[in-house]
Amino acid sequence: VTFFSDPGFRGQAFSSTYAVTNFRQVGYNDRASSAEVAGSRWEACEDAQYGGRCAVLRPGRYGSLNAMGLNNQVTSVRPLRW
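For clarity, every value in this text was computed on a predicted model and none was experimentally measured.

The rules behind the values
- Residues numbered from 1 in each chain as written.
- Predicted model: local features only at pLDDT ≥ 70, side-chain atom pairs only at ≥ 80, totals over all residues.
- Heavy atoms only, no water.
- Buried < 20%, exposed > 50% of the residue type's maximum accessible area, 1.4 Å probe, protein only.
- Helix = DSSP H or I, 4+ residues; strand = E, 2+ residues; numbered from the N terminus.
- Pairing = 2+ DSSP bridges.
- Disulfide = S-S within 2.5 Å.
- Salt bridge = Lys/Arg side-chain N within 4 Å of Asp/Glu carboxyl O.
- Axes fitted to C-alpha atoms, helices over the stretch in contact; angles between N-to-C directions.

*Asks:* Looking at this model, I keep getting lost on the pairing of strand β1 (residues 2-6). Mind explaining?
*Replies:* The side chains of a regular strand alternate, residue by residue, between the two faces of the sheet. Among the 5 residues in β1, 4 count as buried, and that is most of the element. Joining the antiparallel neighbours β1 and strand β2 (residues 10-15) is a turn of 3 residues, in which Gly8 adopts a positive phi near 75 degrees. Here β1 runs beside strand β3 (residues 34-37); their pairing, made up of 3 bridges, is antiparallel. Residue pairing for β3: Thr2 is matched across the bridge by Glu36.

Shown next as structure tokens:
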């Protein structure tokens, strides 16, 4: 999964192939505004440790995370195996 700090896949990018329990640890907390997902589904949550409001991101491109209420709110992500 790759997140971008601006809508439309612009700005600073952060990519991961593994679960991140707290984006603060990687300097990307509450910065994601768009995302690109390849392969499997991912769960993105507004709080650390997969807490708060979460959304499942299926493979595809999300030009804005605003519609799902996660614009500049993502703090943790993990791949889903089911």
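*Asks:* Quick question: what am I supposed to make of the state of the cysteines here?
*Replies:* Two cysteines joined by a covalent bond between their sulfur atoms form a disulfide. Enumeration over the complete set of coordinates arrives at 1 disulfide. Between the sulfur atoms of Cys45 and its disulfide mate Cys54 the distance is 2.1 Å. Looking along the S-S bond of the Cys45-Cys54 disulfide, the torsion reads about 110 degrees, which is the right-handed sense. Overall, Cys54 belongs to the partly exposed group, its relative accessible area being 32%.

*Asks:* Explanation requested: the pattern of salt bridges in the structure shown.
*Replies:* A side chain with one charge can pair with a side chain of the opposite charge if their charged atoms come near. Applying the stated criterion to the full structure yields 3 salt bridges. A salt bridge links Glu36 to Arg61; the shortest N-O distance between them is 2.2 Å. With Glu36 in strand β3 and Arg61 in strand β6 (residues 60-62), this residue pair connects regions lying 25 residues apart in the sequence. The class of Glu36 is partly exposed, set by a relative accessible area of 28%. By relative accessible area, which is 55% here, Arg61 ends up exposed. Salt-bridge contacts for Glu46 lead to Arg53; the nearest nitrogen and oxygen are separated by 3.1 Å.

*Asks:* How should I be thinking about the sheet that holds β3 in this particular structure?
*Replies:* Adjacent strands of a sheet form backbone hydrogen bonds with each other and so pair up, either parallel or antiparallel. Strand order across the open sheet formed by 4 strands is β2-β1-β3-β6, with antiparallel pairing between neighbours. With partners counted over all chains shown, the strands left at the sheet margins are β2 and β6, one partner each. Between one strand axis and the next, the sheet turns by 15 degrees as a mean value, whatever way the strands run.

*Asks:* Would you explain unusual backbone geometry in this entry?
*Replies:* The bulk of non-glycine residues show a negative phi, and the bulk of peptide bonds are trans. For Gln49, which is not a glycine, the phi torsion comes out positive at approximately 60 degrees. Relative to the elements of secondary structure, Gln49 occurs in the loop between β4 (42-47) and β5 (51-57). The exposure class assigned to Gln49 is exposed, which follows from its relative accessible area of 56%. Of note in the backbone geometry, Tyr50 takes a positive phi value of approximately 65 degrees without being a glycine. Within the secondary structure, Tyr50 is located in the loop between β4 and β5.

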